[in-house]
Amino acid sequence: MAKRNQYRTHYGEGRPASANVRLLEAALTLKQRFFSKVALRRGLRRLRRWGLILLIIIPIIAGLIWGGMTAVEKAYSLSIDKVTFDARQKLISKEQALQILGIEGSINMATLNTGALKARLEATPCIESADIRAELPDTLHIEINERIPVVYVEQASGAETGNRVRFFMDPNGHLFPVMPEYHRNFMGVPVWYLQPGDVAEFTAGTVVSADKRRPIVELVAAANMYSLVEIPAIREIFRPKDWKIIATLEGGAEVLMQVYDIKGQMERLSMILEHCRATQRRPRSINVIPRINPTVIYAGEPGS
């Protein structure tokens, strides 16, 4: 059988067969090339190749566009369904915290400003610090650390001036408003009457200096180590001099103390009150400063 197109592969020495074919096709007219089986097949192969490429690329591009649009739509439709809450001192409830934040109903995760919410909580005077974190897909974490009221503070001159405003003070000396809805378990703390000059300005947000507050905080902490049977609740605290403290107990007994060795003086007070209960005598005035032979004046005695 004679070989067909046998001269195609030998047209032009040193030239590839495909180049020879293209030269031959170039010599043909447009009509001849259109109806040429070789050219038609080559065109169909190219068409199939580009069609295959498009079949691969188009779904990928469409998928990327659809995925981006879906992600954006989902981000703007994300709502917070879970809220975890932790109050370190257990003074403020989850409901109260959400009320402070003004959170009601659904919250959009994409538009949530956790920094603004944190600032809103910390602007509440009874909250020392707060932390708010959003966790995808639908959880908001709220943590707060409240201020613990140690004593009420009131100006000693209030009885004369009529200004009987009271604030709470925490162990760090911060003054903040009395808020019964958060501090119902602390409404019976002692009242410390401030002397002129104890604070530069008697207002919420003021911080009492460490040297002024230290013995008062230590006194309250030491008293809390005893039951109310051993040492009745302290109702009023005065510090008329830098070295001197006068504490008034439930029942009216006045206890004279110094600002040093608070713990040791409270131990002596506990023993004196135990002796009073055993002898069924009511103390009127107690001086626990002396380590040996502290003095007691009982009700009904001369000078009481």
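A few points on the structure. (Residues numbered from 1 in each chain as written. Predicted model: local features only at pLDDT ≥ 70, side-chain atom pairs only at ≥ 80, totals over all residues. Heavy atoms only, no water.)

### Some points on the sheet that holds strand S9 (residues 244-249)
Pairing in this open sheet of 9 strands is mixed, and the strands run S6-S5-S4-S7-S8-S9-S10-S11-S12 from one edge to the other. The open sheet has two free edges, formed respectively by strand S6 (175-176) and strand S12 (295-298), since each of these has just one partner strand. In the packing of helix H8 (residues 210-223) onto the sheet, the strands contacted are strand S4 (151-155), strand S5 (167-169), strand S7 (191-194), strand S8 (234-241), S9 and strand S10 (254-258), and the crossing angle to S8 comes to about 150°. Contacts from helix H9 (residues 262-279) reach S9, S10, strand S11 (283-287) and S12, with the element oriented near 155° to S10. (Pairing = 2+ DSSP bridges. Helix = DSSP H or I, 4+ residues; strand = E, 2+ residues; numbered from the N terminus. Contact = heavy atoms within 4.5 Å. Axes fitted to C-alpha atoms, helices over the stretch in contact; angles between N-to-C directions.)

### A look at the pattern of salt bridges
Taken as a whole, this structure holds 12 salt bridges when the rule is applied. The salt bridge partner of arginine 164 is glutamate 154, with a shortest N-O separation of 2.3 Å. Here arginine 164, found in the loop between helix H6 (158-161) and S5, pairs with glutamate 154, found in strand S4; they are 10 residues apart in sequence, far enough to count as distant. Given a relative accessible area of 44%, arginine 164 falls into the partly exposed group. The buried category is assigned to glutamate 154, whose relative accessible area is 1%. (Salt bridge = Lys/Arg side-chain N within 4 Å of Asp/Glu carboxyl O. Buried < 20%, exposed > 50% of the residue type's maximum accessible area, 1.4 Å probe, protein only.)

### Quick word on the packing of aromatic side chains
How two aromatic rings sit relative to each other is given by the distance of their centres and the angle of their planes. For the structure on display, the rule yields 4 aromatic pairs. Where tyrosine 152 meets phenylalanine 168, the ring centres are 4.8 Å apart and the plane angle is 20°; that geometry is what we call stacked. Of this pair, tyrosine 152 sits in strand S4 while phenylalanine 168 sits in strand S5, and the two are 16 residues apart along the sequence. Relative to phenylalanine 176, the ring of phenylalanine 168 has its centre 5.8 Å away and its plane inclined at 45°; by these criteria the two rings are tilted. Residues phenylalanine 168 and phenylalanine 176 agree in their burial class; the two are buried. In this structure an aromatic cluster arises from ring pairing among Tyr152, Phe168 and Phe176. (Phe/Tyr/Trp six-rings, centres within 6.5 Å; stacked < 30°, edge-to-face > 60°.)

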